[in-house]
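Residue-level listing of the chains:
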Amino acid sequence: MLSIGGRAIEDRMDNEARRLGQLVGLAQEQAQQHGRELGFLHTPDGYVFLTLDAAKGVWVPVGDGPLRARGLAAPLYLDLRVEGQPVPPTDPAREDAPPLVPQVLILSSGECSAFDLQVHARGFAGYYRVQGDVMGRVKVERAESPS
């Protein structure tokens, strides 16, 4: 019974990592096609894509469609590093939250912040990585935590 539950969580991590990789790729395509700047922000319970409202000079969440905000159900969680540095989640729902600022930039030029987004599950040694480089290449792979 334990191995079936473990397999289900492994599948959830895999599916979420692949979805994230595809969504980042879609965000890159949309940024280039529509000439707009986009961003990614991971939150304590999920993630949100942002778009720059040039008229107001502020970042706002993408409201609907494939790039809408998404939650992660326990035991899954994200760990983000941008250009090698750990980035804590931002909670935009907090009353004293600062204005939204993307942790990963997805530019209309096709460039992207170098990032390593890890999809973990509490109690599991394995995890999935979604990595992007400055040229906008994204890859998804499975990894093991060091023992």
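Residues numbered from 1 in each chain as written. Predicted model: local features only at pLDDT ≥ 70, side-chain atom pairs only at ≥ 80, totals over all residues. Heavy atoms only, no water.

Trainee: Mind laying out the sheet that holds strand 6 (residues 85-87), listing which residues take part and the relevant values?
Mentor: Taking strand neighbours across the sheet as the criterion, the 5 strands line up as 6-5-8-9-10 in an open arrangement whose pairing is antiparallel. Looking at strand neighbours, the two that pair on one side only are strand 6 and strand 10 (138-144), the edges of this open sheet. Across the sheet, the mean angle separating the axes of adjacent strands is 25° when strand polarity is ignored. Bridge count for strand 5 (residues 76-82) against strand 6 is 3 bridges, and the pairing is antiparallel. Within the sheet, the bridge partner assigned to Arg81 lies in strand 6 and is Pro86. (Pairing = 2+ DSSP bridges. Helix = DSSP H or I, 4+ residues; strand = E, 2+ residues; numbered from the N terminus. Axes fitted to C-alpha atoms, helices over the stretch in contact; angles between N-to-C directions.)

Trainee: Which residues make up the nonpolar core, and what values go with them?
Mentor: Grouped together as the largest cluster of nonpolar side chains are 28 residues, with contacts concentrated most on Leu20, Tyr47, Phe49, Val104, Ile106, Phe115 and Leu117. When residues of this core are traced back to their parent elements, those giving at least two are helix 1 (2-34), strand 1 (38-43), strand 2 (46-53), strand 5, strand 7 (104-106), strand 8 (115-121) and strand 9 (126-132). Of the residues forming this core, the biggest block, 8 residues, is contributed by helix 1. In this structure, Leu117 is in contact with Leu20, Phe40, Leu78, Asp79, Leu80, Tyr128, Arg129 and Val130, ignoring residues within four places of it in sequence. Of all hydrophobic cores here, the second largest spans 5 residues; its members include Leu41, Val48, Trp59 and Leu100. (Core = buried A, V, L, I, M, F, W, Y, C linked by side-chain atoms within 4.5 Å. Buried < 20%, exposed > 50% of the residue type's maximum accessible area, 1.4 Å probe, protein only. Contact = heavy atoms within 4.5 Å.)

Trainee: Outline the packing of aromatic side chains, supporting the account with residue identities and numerical values.
Mentor: Within the structure shown, the criterion is met by 3 aromatic pairs. Residues Phe40 and Phe49 carry aromatic rings whose centres are separated by 5.4 Å and whose planes lie at 70° to one another, so their mutual orientation is edge-to-face. Here Phe40 falls in the buried class, since its relative accessible area comes to 3%. Note on Tyr47 and Phe49: the rings are 6.4 Å apart at their centroids and 85° apart in plane angle, and the pair reads as edge-to-face. The exposure classification of Tyr47 matches that of Phe49, with both residues buried. What links up through ring pairs into an aromatic cluster is the set Phe40, Tyr47 and Phe49. (Phe/Tyr/Trp six-rings, centres within 6.5 Å; stacked < 30°, edge-to-face > 60°.)

Fair warning: the whole summary comes from geometry, so function is off the table for now.
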